[in-house]
There are 10 protein chains.
Amino acid sequence: MPKPELLETFTNPYVDREYEIHMDCNEFTSLCPLGGIETDAKELDALQGGAPDFGIIRITYVPAQVCVELKSLKLYLWSFRNDGIFYERAVNRILDDLVAAVSPRWMRVVGDFNLRGGIKSVITTTHGAKG
Amino acid sequence: MPKPELLETFTNPYVDREYEIHMDCNEFTSLCPLGGIETDAKELDALQGGAPDFGIIRITYVPAQVCVELKSLKLYLWSFRNDGIFYERAVNRILDDLVAAVSPRWMRVVGDFNLRGGIKSVITTTHGAKG
Amino acid sequence: MPKPELLETFTNPYVDREYEIHMDCNEFTSLCPLGGIETDAKELDALQGGAPDFGIIRITYVPAQVCVELKSLKLYLWSFRNDGIFYERAVNRILDDLVAAVSPRWMRVVGDFNLRGGIKSVITTTHGAKG
Amino acid sequence: MPKPELLETFTNPYVDREYEIHMDCNEFTSLCPLGGIETDAKELDALQGGAPDFGIIRITYVPAQVCVELKSLKLYLWSFRNDGIFYERAVNRILDDLVAAVSPRWMRVVGDFNLRGGIKSVITTTHGAKG
Amino acid sequence: MPKPELLETFTNPYVDREYEIHMDCNEFTSLCPLGGIETDAKELDALQGGAPDFGIIRITYVPAQVCVELKSLKLYLWSFRNDGIFYERAVNRILDDLVAAVSPRWMRVVGDFNLRGGIKSVITTTHGAKG
Amino acid sequence: MPKPELLETFTNPYVDREYEIHMDCNEFTSLCPLGGIETDAKELDALQGGAPDFGIIRITYVPAQVCVELKSLKLYLWSFRNDGIFYERAVNRILDDLVAAVSPRWMRVVGDFNLRGGIKSVITTTHGAKG
Amino acid sequence: MPKPELLETFTNPYVDREYEIHMDCNEFTSLCPLGGIETDAKELDALQGGAPDFGIIRITYVPAQVCVELKSLKLYLWSFRNDGIFYERAVNRILDDLVAAVSPRWMRVVGDFNLRGGIKSVITTTHGAKG
Amino acid sequence: MPKPELLETFTNPYVDREYEIHMDCNEFTSLCPLGGIETDAKELDALQGGAPDFGIIRITYVPAQVCVELKSLKLYLWSFRNDGIFYERAVNRILDDLVAAVSPRWMRVVGDFNLRGGIKSVITTTHGAKG
Amino acid sequence: MPKPELLETFTNPYVDREYEIHMDCNEFTSLCPLGGIETDAKELDALQGGAPDFGIIRITYVPAQVCVELKSLKLYLWSFRNDGIFYERAVNRILDDLVAAVSPRWMRVVGDFNLRGGIKSVITTTHGAKG
Amino acid sequence: MPKPELLETFTNPYVDREYEIHMDCNEFTSLCPLGGIETDAKELDALQGGAPDFGIIRITYVPAQVCVELKSLKLYLWSFRNDGIFYERAVNRILDDLVAAVSPRWMRVVGDFNLRGGIKSVITTTHGAKG
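Everything quoted here is computed from the prediction, not taken from an experiment.

The rules we used
The written sequence of each chain sets the order in which its residues are numbered from 1. Just so you know, chain letters begin at A and ligand numbers begin at 1, following the order they were written in. Totals for whole chains, interfaces and linings use all residues, but because this is a predicted model, local features are given only for residues with pLDDT of at least 70 and pairs of side-chain atoms are given and counted only at 80 or more. Values shown for side chains rest on all heavy atoms present in the structure; no hydrogens or waters enter the calculation. Helix and strand assignments come from DSSP, with helices taken as H or I runs of at least 4 residues and strands as E runs of at least 2, each series counted from the N terminus. Throughout, exposure labels follow a simple rule: accessible area from a 1.4 Å probe, protein chains only, divided by the maximum for the residue type, with under 20% read as buried, over 50% as exposed, and the rest as partly exposed. For accessible areas, the Shrake-Rupley method is used with a probe of radius 1.4 Å. Any residue's cover is judged against the shown protein chains and nothing else. Should DSSP find at least two bridges between two strands, the strands are taken to pair. Note on definitions: salt bridges are taken to be side-chain nitrogens of Lys or Arg within 4 Å of carboxyl oxygens of Asp or Glu. We call a set of buried residues a nonpolar core when its members are Ala, Val, Leu, Ile, Met, Phe, Trp, Tyr or Cys and they connect through side-chain atoms within 4.5 Å of each other. Contact between two residues is taken to exist if any of their heavy atoms lie within 4.5 Å; hydrogens are not considered. Pairing of aromatic rings covers Phe, Tyr and the six-membered ring of Trp, with a centre-to-centre limit of 6.5 Å; geometry is then stacked below 30 degrees between planes, edge-to-face above 60, and tilted otherwise. Confidence of the predictor in every single residue is expressed as pLDDT, which spans 0 to 100. Axis lines are fitted to C-alpha atoms, over the contacting stretch for helices. Their N-to-C directions set the angle, which ranges from 0 to 180 degrees. Crossing handedness is defined as follows: a turn of the near helix away from the far one that is anticlockwise and smaller than a right angle gives a left-handed crossing, while the clockwise case is right-handed. Residue polarity follows a fixed list, in which Ala, Val, Leu, Ile, Met, Phe, Trp, Tyr, Cys and Pro are nonpolar, Asp, Glu, Lys and Arg are charged, and the others, Gly among them, are polar. What qualifies as a polar contact is a pair of N or O atoms within 3.5 Å, subject to a donor-acceptor requirement within protein and to the restriction that residues adjacent in sequence count only when both atoms come from side chains. By definition here, a helix of n residues has an expected span of 1.5 Å times n minus one. Pairs of cysteine sulfur atoms within 2.5 Å are identified as disulfides in what follows.

**Digging into the overall build of chain A**
Each helix and strand counted, chain A has three helices and six strands in total. Starting at the N terminus and ending at the C terminus, chain A contains elements arranged as β-β-α-β-β-α-α-β-β. Buried positions account for 63% of the 131 residues belonging to chain A. Counting only carbon and sulfur atoms, one obtains 51% of the accessible surface of chain A, whose full area is about 4,700 Å².

In structure tokens:
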């Protein structure tokens, strides 16, 4: 299960200035709840769970009072490793968890997933309006 | 014949949020009804149909009530494999079929076709207005 | 001499929708009327004409009633092969000929020419206003 | 069915010199006889055949008496489009057919296939010894 | 635990010819038994196991009687997902398991792992002599 | 300690024109005050300070009366080499010091830091409004 | 000394249309009046002048009555070869000289200079407003 | 007609040393005598000759008494512009003409031709043995 | 001072097999004892030491009884951070220290240093003979 | 005039080991004695000398007793800036001057020159035998 309680924050050192923080998290992996576009029954049986998905999670935000602490973000993203979750749900869930943790002025989360069945998927979701 | 009946959908898990889904389908192939820019009569005879076209179909949309299911999208695009269809018609046809299937808030389909006769073609068509 | 009479068209299959067609024509070549930046008298004598120019012609347009047929476009561009013409004139001439042939809602022609004398030239010209 | 009878040759214009001809055929596609790494029963049913494979066929040879004619090579490779064949068999079959057609001094065929299930395959097979 | 019993083979269709099969498996992931170069105690506690490693496994071999079946190879590599194993051991273990399964004339396995602590590691191990 | 007193300026030679100066400083390095995402206690002990961070500092500004002198900028950035400072603080501090030194019409500082724990960070901060 | 008198023009062949001409001049070199960021006294003594600077001059303009002739532009840029001039002054000087020569509707000059002391500089200056 | 009489030479300034000269001639164009893989009768009629071929000619040699003069090489390659000639013949012809002109210790000519009908061709031919 | 005592090893898990370990250490930095190619007296004074050098250290070896532990290698390379050392000495010193620590069957160290004064340096040094 | 007297050396710190030093000097420029492939009489008149040539000089050597000092190498290469010299002569001259200065066990000099008249030239010359 994704564990938002792993997310930690620190006080924004320049709280009076609107500036932007971007992070590319290159090693996101989760499982697909239904096996996914490339998985059949035999494969699911072998793994006792869904087929692995891989992707990059790109997070951009304008901090308000706090910033997300990098090591805790890494641990939070690791907590998706053995859970079955659809792309659309994962990306929006990460946005929800991060917004709850850091209450940013604006935030965007992009899930840039690896090719499956000759198809590459990119999901983009946003909280608030920029500028 | 393109088979829009292959397209399946699932309920948008974050129906209240405007977010974007992008898919690059790298292995689109169809036939050209007239043989195409590089085909002469002998070639058509050999193949008993038009010359093959290859390209990438890039789909971007903002889902409303439902999202298109990835595996069904792959099958739908496979259904163009042995039909003769012009670039312009194929790209607009894919837009029409997907709009009918998922009624998106906004959708764009781009057909990015391989070099033919030293010419690369890219067709871009859109449904609705973004934002 | 450029031969606009080679250009053929076909009926736009989605005439009610504003969509965009882009073509990169990678093998454009013509001659320079004055020999060009890298040519001296001896070279001109050897060739009995101007020095060759090479470039990519990038055409983007929003079709109205008709689209330009790809093979005829290739032949039209081939007809510049042995004529002397300046970059600026060639690019605007192609725009004029294509606008006359297909009466587009909007069209842009870019001539992206090879390095000459350590200088790369790109000419961009447009007909009508987009959107 | 692959149609080696489509292959045509022309007399090697420099038969006394050992030189090398290389061709990258970028648009090879065939079907997988068992559906392949990404295909399940439902997909096969939809397509009434195996799942499509895509790849580049890279051919290198030292001609002896004849060379393979390019347009006929293109038609020959098109003839795999709707047949089910494994990677290993396809690449060795192409080598056998070309060796039969042109009796080269040496020939290598490489099948460089697209990613399937996160795995990219490249098969290399050779006839004769170089030099 | 790595599960070599998942590996399946099929009869080499061209057993009389020495040819080469190469596979890049882009989505290999395992855990590091000691937490690895970037992990401290708190992280291990959060994950209840070692820190994730990511990499590409590149396999090249000359088949003898049998070839490894692609889908089974994918499942075999998935079986490392939740086990703690060092780079050096993983790469040599994969070589041992594949050699046992397909008895190749020659085989090489390369583990090309992601940056850790500013250091990228590539391990190369070989069975038999080529040619 | 960062030494803003190292920054030197020279009179803007085209003070009446609004133009833009961009500098990519590719060799920025500092230390992380807490050891950073990849550092544990043993590492800190070895170095008697925080773990090294590396990145590119990208500075863009529209000069007013003075421009920053390049060699002095290099020395100023070197002065971060052995100080512990968080990414967010470093980037905003550089902006503050440069704004104090050159009073630009507009300035942006981007810190484009190397991968740490599989995560790449980019911080962007701005002074004034452009145009 | 830069020699603007070398610049020649020709009549804009499509004077009624607003179109854009872009030129990348890849082989610009000048000297730095003070020796520059990487030069010390001994080096200056050896060269009897400033240290060499290298860069790309990127010119974009919308012509009015005349266009700049390419070969004369090359000669004009060569005339900076042995003069000492700062980046900011060189880029604005080129803009001034070209504006004087061709009176464009709009013009932008970018000086994209090579790495010096680990720092890459790009200067952008503009005459008039576009569109 | 290719005009080998255009080739000029100059005395090798370091005749006692075995060193290598390589030249990439990026703008080679000729015509195909039969129209080529992408040409039909109508196209030929339009051009009153074969379809254009484009490619890069890569020449490498170890000079003996003389070197080929660069400007004359350019003119010689221009002389193929309006002649119909097959790839294999063109590349071997260039080798023959250059060997006749400069009597090198060793020479290799590579014709690296543009994609035609989805196929890229590279022809390599050599005179003498290296080292 | 470089601290070879930081280097730790672990028992080679496949001691009977000759295999290769390669590591790219992307964040090496040291100081130049004389200030280096880009430093003058004023700069040295500002830094109270030599100018910083940056580079990638590429290590390849065939282990015998032990392998170098990655985290300890990182700490060892960090220990060059504030010492003045020439490129040639640093690369050979790293080879000596690693050979002393792991007694490899073969080892190569490459120092791939950043551009200084328009010059990029790469130093390659080897211990023992491969294979 | 090239000034080999500018070259300075320092004692090879690891004289007993055969190791390799490689340097890419990215900013070499000289003049062409005859004006070069792209220059006509008017251009020569404007410059009062030959047309500028640009290229990269790549030097690789195995040092014996001494190494070439980097800053002195930079100054030596600057001394070609205003002299007219052919490519072949320049590259062999640099080899001769460096061999005289450092008496290496082996040395190679490559001159990798910019495109002129659509032709890129690379000259490679070597002193001694490697290994």
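**So, the pairing of strand β3 (residues 52–62) of chain F**
All names here are of chain F. Along β3, nine of the 11 residues are buried, which leaves the element largely enclosed by surrounding structure. Taken together, the nine bridges between strand β2 (residues 20–31) and β3 define a ladder with antiparallel strand orientation. If you follow H22 over to β3, its bridge partner there is T60. Here β3 runs beside strand β5 (residues 106–113); their pairing, made up of eight bridges, is antiparallel. Looking at β5, one finds that I56 is bridged to D112.

**Focus: the pattern of salt bridges**
Inspection of the entire model under this criterion finds 90 salt bridges over all chains. Linking H:E27 and C:R116 is a salt bridge whose minimum nitrogen-to-oxygen distance equals 2.8 Å. Residue H:E27 is found in strand β2 (residues 20–31), and its partner C:R116 is found in the loop between β5 (106–113) and β6 (119–127); the two belong to separate chains. With respect to class, H:E27 is no different from C:R116; both count as buried.

**Considerations on the nonpolar core**
Counting residues in hydrophobic clusters, the biggest one holds 179 residues, and the most contacted among them are D:L73, E:L73, H:L73, I:L73 and J:L73. In this view, E:L73 contacts D:I119, E:L7, E:M23, E:C25, E:I59, E:V68 and E:L98; residues no more than four positions away in its chain are not counted. Of all hydrophobic cores here, the second largest spans 177 residues; its members include A:C25, A:I123, B:A90 and F:V68.

**Focus: the packing of aromatic side chains**
The final tally for this structure, using the stated rule, is 46 aromatic pairs over all chains. Judged by centre distance (4.0 Å) and plane angle (0 degrees), the rings of C:Y87 and C:F113 are stacked. Of this pair, C:Y87 sits in helix α3 (residues 87–102) while C:F113 sits in strand β5, and the two are 26 residues apart along the sequence. For the residue pair C:Y87 and C:F113, the accessibility class agrees, reading buried in each case. Put simply, the rings of G:F28, G:Y76, G:F80, G:Y87 and G:F113 touch in pairs and so form one group of aromatic residues.

**Observations regarding helix α2 (residues 70–78) of chain E**
Burial analysis of α2(E) places nine of its nine residues in the buried class, the great majority of the element. Of all the residues in α2(E), the buried ones are E:L70, E:K71, E:S72, E:L73, E:K74, E:L75, E:Y76, E:L77 and E:W78.

**Observations regarding the environment of J:F28**
All names here are of chain J. Structurally, F28 can be placed in strand β2 (residues 20–31). In this structure F28 comes out as buried when scored by relative accessible area, which is 2%. Along the chain, F28 and D96 lie 68 residues apart, while their C-alpha atoms are 17 Å from each other. In contact with F28, not counting residues within four places along its chain, are D53, F54, G55, I57, L77, F80, I94 and F113.

**Let's talk about unusual backbone geometry**
Positive phi is not limited to glycine here, since E:S103 has a value of about 40 degrees. For E:S103, the location among the structural elements is in the loop between α3 (87–102) and β5 (106–113).

**Considering the pairing of strand β5 (residues 106–113) of chain A**
All names here are of chain A. In terms of residue burial, β5 counts as a mostly covered element, since seven of its eight residues are buried. In this sheet, strand β6 (residues 119–127) lies alongside β5 in antiparallel orientation, the contact comprising six bridges. Bridging across to β6, V109 finds its partner in T125. Where β5 folds back onto β6 in an antiparallel hairpin, the turn is made up of five residues, including G117, whose phi is positive at roughly 60 degrees.

**Looking at the confidence of the model for chain A**
Residues and elements named next belong to chain A. Confidence in the prediction of chain A, expressed as mean pLDDT, is 90, and 87% of residues score 70 or more. Predicted confidence in chain A is weakest over helix α1 (residues 41–47), with a mean pLDDT of 53, and strongest over β5, with 98. For this predicted complex, the interface score ipTM comes out at 0.90, alongside a pTM of 0.93.

**Observations concerning the environment of F:N92**
Residues and elements named next belong to chain F. Counting through the fold element by element, N92 comes out in helix α3 (residues 87–102). Judged by its relative accessible area of 0%, N92 is buried. Along the sequence, N92 and N82 sit 10 residues apart, while their C-alpha atoms lie 18 Å from each other.

**Focus: the packing of helix α2 (residues 70–78) of chain C against α3(C)**
Geometrically, a packed helix pair is captured by the angle between its two axes and the distance between the axes. Residue and element names in this part refer to chain C. As a packed pair, α2 and α3 sit with axes 12 Å apart at the nearest point and diverge in direction by 145 degrees. Read as a crossing pair, α2 and α3 show a hand that is right-handed. The segment α2 lies against α3, with L73, Y76 and L77 engaging R93, I94, D97 and L98. For the contact of α2 with α3, the per-class residue count stands at five nonpolar, no polar and two charged.

**As for the side chain of C:D53**
By the secondary structure assignment, C:D53 is in strand β3 (residues 52–62). Not counting residues within four places of it along the chain, the set of residues in contact with C:D53 comprises C:F28, C:T29, C:S30, C:L31, C:C32, C:I85, C:Y87 and C:R116.

**Side note on the side chain of A:D24**
Residue and element names in this part refer to chain A. Within the secondary structure, D24 sits in strand β2 (residues 20–31). For D24, the side chain forms a polar contact with the side chain of H22, separated by 2.8 Å. A distance of 3.2 Å separates the side chain of D24 from the side chain of R58, its partner in a polar contact.

**Some words on helix α3 (residues 87–102) of chain H**
All names here are of chain H. Given a rise of 1.5 Å per residue, 16 residues ought to cover 22 Å, and the 23 Å separating the end C-alpha atoms of α3 matches this to within 8%. Every buried residue belonging to α3 is among Y87, E88, A90, V91, N92, I94, L95, D97, L98, V99 and V102, and all of these are buried. Directly after α3, the chain includes S103, whose backbone phi takes a positive value near 40 degrees.

**Description of the environment of J:S30**
Relative to the assigned elements, J:S30 resides in strand β2. Between the C-alpha atoms of J:S30 and J:K130, which are 100 residues apart in sequence, the distance is 30 Å. Among all residues touching J:S30, those that are not within four sequence positions of it are G:R81, J:A51, J:P52, J:D53, J:F80, J:R81, J:D83 and J:I85.

**Concerning the state of the cysteines**
Residues and elements named next belong to chain D. Taken as a whole and assessed by the stated rule, the structure comprises zero disulfides over all chains. Here C25 stays free of any disulfide, with the sulfur of C67 as its closest cysteine sulfur at 15 Å. Residue C25 is classed as buried on the basis of its relative accessible area, which comes to 3%.

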